[in-house]
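In case you want the letters, here they are:
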Amino acid sequence: MSIKAEEISALIKAQIENYQSEIKVSDVGTVISVGDGIARVHGLDNVMAGELVEFANGSMGLSQNLEENNVGIVILGPFRDIQEGSEVRRTGRIMEVPVGEELIGRVVNPLGQPVDGLGPINTTHTRPIESPATGVMDRKSVHEPLQTGIKAIDALVPIGRGQRELIIGDRQTGKTSVAIDTILNQSDQDMICIYVAIGQKESTVRNTVETFRKHGALDYTIVVTASASQPAPLLYLAPYAGVSMGEHFMFQGKHVLIVYDDLSKQASAYRELSLLLRRPPGREAFPGDVFYLHSRLLERAAKLNDTLGAGSITALPFVETQAGDISAYIPTNVISITDGQIFLQSDLFFSGVRPAINAGLSVSRVGGSAQIKAMKKVAGTLRLDLASYRELEAFSQFGSDLDKSTQAKLNRGARTVEVLKQDLNKPIKVEKQVMILFALTRGHLDDIPVKDILRFEEGYYSFLDRSHSDLLDHIRTTGNLPEEDAIVAAINEFKKNFVASE
């Protein structure tokens, strides 16, 4: 077989024509020192704040301190085998997380990686974890209700879509239960929920996920978890990862509810990070920008205007207090950023009032405009009834002979407290709440013994479902109260057959 010179030269010419020289330039730095999850790196002169960098062992890092001679980098993974002299490479990417429908029903870490053992998440969309909040002119005032299914909240401190309502209280006062019940109640509300668990025990997160699964709430919920055993950077990033996932849906015109459980642990993780980066400490050793840490997160919750699709993110941040002190540093910071707070009191919780909401210290600054008309009508006097009851309750312990009006207020107050109690994981639809609160505020429960109130309530709901579903449908579809005579007739009809216990 002979090889022709022309063929060889033709091949060489073709190769030369198609040759493309590709020069890859990458910034490479060197680790000067490493310890406690923080690496000091020399040589990355052009690195951006918040940029992802890659270490020789495959771990990723987040550039934080841009100093004159070195860069302080937070390591987002194992750092035991990163040593002095190790290579660090720039990626040119700002920290981002995967977003999209594929994440719904999954449990992920703050980097968007699945931790539920159900295989990889196949999504092509990503969003940077830090992005500017929606501007003033792109927003709309809060006007649609977000039904939590908890009577004490929907009646006293209502929440609207796009609002930021702080849930604050000591540990073990039922904060997480409020969030779980609210998420369970969104099953038919066309709402995507994101539950961000920060610094919790892995067993606790597992129980929460199982509760969601049992009630079918995982079908519309994403769980982002940074457990107590994770490094501080992941606890710090978790809420930002969660809100980025939510923003993807908001800009598609959908409604999102995001729960940050809780921001006290995020602030502690950020303090740890800042002290290791040798940033100057301020009050309670927190860095000076701890307010900005939370304000730039919570400002991303918004109700968008119609031009942008009218989507919304409603945020329920949690803050844990010590011995009920809501005037501490982090609580006062977050109170000033949010549109109201729900204060859970340990005294109430231990005395059996659950949810343990203190009506006097809880407030919603915009939710009233998002309440349905029927609820506004029936719940108007509720806060006053409760406040005067709490006041009189203290005084009545000193004297036995009380005049009739005081006695009537005490009786009504005791029944109000009883009606506002609610079992765990049993959210109640707003139309049923309106019907029982109508009976309470109009005095139809005054002759029912206090110990029978909860039994009366359960029986009344079943009776309405069976015999007066038209009244419930009217409230559900129009948001208005039906004819009062029809409601009174239904109450009287049920009371006739209701037998008080001995």
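Note that the coordinates shown come from a computational prediction; the quantities given were computed from them, not determined experimentally.

Applying the stated rule across the entire model yields 1 cavity of 30 Å³ or more. Of the voids in this model, the largest cavity is the one considered here, and its volume is about 60 Å³. Surrounding the largest cavity, P145, L146, Q147, D154, P158, I159, A370, Q371, I372, M375 and V430 form its lining. Broken down by class, the residue content of the lining of the largest cavity amounts to 8 nonpolar, 2 polar and 1 charged.

Attention now goes to the pattern of salt bridges. Going through the model one piece at a time under the given rule, you end up with 30 salt bridges. Across the salt bridge formed by D27 and R90, the nearest N and O atoms sit 3.3 Å from each other. Here the residue D27 occupies a position in the loop between helix 1 (5-18) and strand 1 (28-35), and R90 occupies one in strand 6 (residues 87-94), the gap between them amounting to 63 residues. Overall, the relative accessible area of 22% leaves R90 in the partly exposed class. When the shortest N-O distance is used, the salt bridge between E210 and R206 registers 3.3 Å. With a gap of 4 residues between them, E210 and R206 both fall in helix 4 (residues 202-214), about one helical turn apart. With a relative accessible area of 54%, R206 lands in the exposed category. Three or more residues joined by partner-sharing salt bridges are found here, namely R139, R164, E299 and D339.

Take the sheet that holds strand 5 (residues 71-75) next. One closed barrel holds the 6 strands; their spatial order is 1-2-5-4-3-6, and the pairing between them is antiparallel. In this sheet, neighbouring strand axes are inclined to one another by 45 degrees on average, regardless of whether the strands run parallel or antiparallel. Relative to strand 4 (residues 60-66), strand 3 (residues 51-55) runs antiparallel, the two sharing 3 bridges. Among the inter-strand pairings, L52 is bridged to a residue of strand 4, identified as L62.

Okay, the sheet that holds strand 12 (residues 166-169) next. The 8 strands are arranged 8-14-13-15-16-12-17-18 in an open sheet whose pairing can be described as mixed. Only two strands of the sheet have a single partner each, and these edge strands are strand 8 (107-108) and strand 18 (363-364). Note: strand 13 (residues 191-198) against strand 15 (residues 255-261), 7 bridges, orientation parallel. Bridge pairing in strand 15 links C193 to L257.

A word on the packing of aromatic side chains. Evaluation of the coordinates by the stated rule reveals 11 aromatic pairs. Between the aromatic rings of Y195 and F212, the centroid separation amounts to 5.9 Å while the plane-to-plane angle is 80 degrees, which identifies the pairing as edge-to-face. Placement of Y195 in strand 13 and of F212 in helix 4 is noted, with a sequence separation of 17 residues between them. Y195 gets classed as buried once you look at its relative accessible area, which sits at 0%. A centroid spacing of 5.5 Å and a plane angle of 35 degrees characterise the contact between F463 and F494, whose relative ring orientation is tilted. Taken together, the positions of F463 in helix 14 (residues 453-467) and F494 in helix 16 (residues 484-497) put the pair 31 residues apart, joining distant regions of the chain. Here the two residues F463 and F494 agree in accessibility, since each one is buried. Among the aromatic residues, those joined into a ring-pair cluster are F456, Y460, F463, F494 and F498. The ring of Y292 carries R296 above its face, with NZ or CZ at 4.8 Å from the centroid. One cation-aromatic arrangement involves R354 over F349; the distance from NZ or CZ to the ring centre is 4.1 Å.

Rules used in this analysis
Residues numbered from 1 in each chain as written. Predicted model: local features only at pLDDT ≥ 70, side-chain atom pairs only at ≥ 80, totals over all residues. Heavy atoms only, no water. 1 Å grid on protein atoms, 1.4 Å probe; cavity = no way out; pocket = protein on both sides within 12 Å on 5 of 7 lines; lining within 4 Å. Points joined across faces, edges and corners; volume = space filled by probe spheres on them. Nonpolar A, V, L, I, M, F, W, Y, C, P; charged D, E, K, R; others polar. Salt bridge = Lys/Arg side-chain N within 4 Å of Asp/Glu carboxyl O. Helix = DSSP H or I, 4+ residues; strand = E, 2+ residues; numbered from the N terminus. Buried < 20%, exposed > 50% of the residue type's maximum accessible area, 1.4 Å probe, protein only. Pairing = 2+ DSSP bridges. Axes fitted to C-alpha atoms, helices over the stretch in contact; angles between N-to-C directions. Phe/Tyr/Trp six-rings, centres within 6.5 Å; stacked < 30°, edge-to-face > 60°. Lys NZ or Arg CZ within 6 Å of the ring centre and 35° of its normal.

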